[in-house]
Amino acid sequence: MMSRTKTFDCVKMKNRIQRELRQEYQARKTEFASYADFLNATADESEDIRRFREKVAKAKTATTE
């Protein structure tokens, strides 16, 4: 079995995204009490992340009932 050539570097992508988030936070930090609040607010802006969080919440309640 031959391995496929990667077309991107996951570590570089993660570092780029984290750098961009830190830069955005620095520009908007007066709007938030903490970096965690900024991350949550940013995540809430994404429809995909909202759906994922709802799915996780449903799974949690299903296992605790």
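Since the structure is predicted, the reported quantities are computational estimates derived from the model, not experimental observations.

Q: What's the story with the packing of helix 1 (residues 10-28) against helix 2 (residues 35-44) in this structure? I'm lost.
A: Where helix 1 contacts helix 2, the two axes come as close as 11 Å, and the packing angle between them is 110°. The angle between helix 1 and helix 2 places the two elements in the roughly perpendicular class. Contact residues: helix 1 offers Leu-21, Arg-22, Glu-24, Tyr-25 and Arg-28, while helix 2 offers Tyr-35, Phe-38, Leu-39 and Thr-42. Within the contact of helix 1 with helix 2, the residues separate by chemical class into five nonpolar, one polar and three charged.

Q: What's the story with helix 1 in this structure? I'm lost.
A: Three- or four-residue spacings in an α-helix give side chains the same orientation, since the helix completes a turn every 3.6 residues. With 19 residues, helix 1 should cover 27 Å at 1.5 Å per step; its first-to-last C-alpha distance of 27 Å lies within 8% of that length. Capping of helix 1 at its N-terminal end is provided by Asp-9; its side-chain oxygen lies 2.9 Å from the backbone amide nitrogen of Val-11.

Q: Looking at this structure, I do not really get the pattern of salt bridges. What am I missing?
A: If charged atoms from side chains of opposite charge come close, those side chains can pair. Counted under the stated rule, the structure contains seven salt bridges. Arg-28 is the salt-bridge partner of Glu-24, the closest N and O atoms lying 2.8 Å from each other. Taken together, the residues Glu-24 and Arg-28, both in helix 1 and four residues apart, mark about one turn of the helix. For Asp-48, the salt bridge identified is with Arg-51, shortest N-O distance 2.5 Å. On the criterion of helical spacing, the pair formed by Asp-48 and Arg-51 is a turn pair, its members being three residues apart in helix 3 (residues 47-64). We classify Arg-51 as partly exposed; its relative accessible area is 44%. Residues participating in the shared-partner salt-bridge network are Glu-47, Asp-48, Arg-50 and Arg-51.

Procedures and definitions
Residues numbered from 1 in each chain as written. Predicted model: local features only at pLDDT ≥ 70, side-chain atom pairs only at ≥ 80, totals over all residues. Heavy atoms only, no water. Axes fitted to C-alpha atoms, helices over the stretch in contact; angles between N-to-C directions. Helix = DSSP H or I, 4+ residues; strand = E, 2+ residues; numbered from the N terminus. Parallel < 35°, antiparallel > 145°, perpendicular 65-115°, else oblique. Contact = heavy atoms within 4.5 Å. Nonpolar A, V, L, I, M, F, W, Y, C, P; charged D, E, K, R; others polar. Expected span 1.5 Å × (residues − 1). Polar contact = N/O pair within 3.5 Å; in protein donor to acceptor, adjacent residues only side chain to side chain. Salt bridge = Lys/Arg side-chain N within 4 Å of Asp/Glu carboxyl O. Buried < 20%, exposed > 50% of the residue type's maximum accessible area, 1.4 Å probe, protein only.

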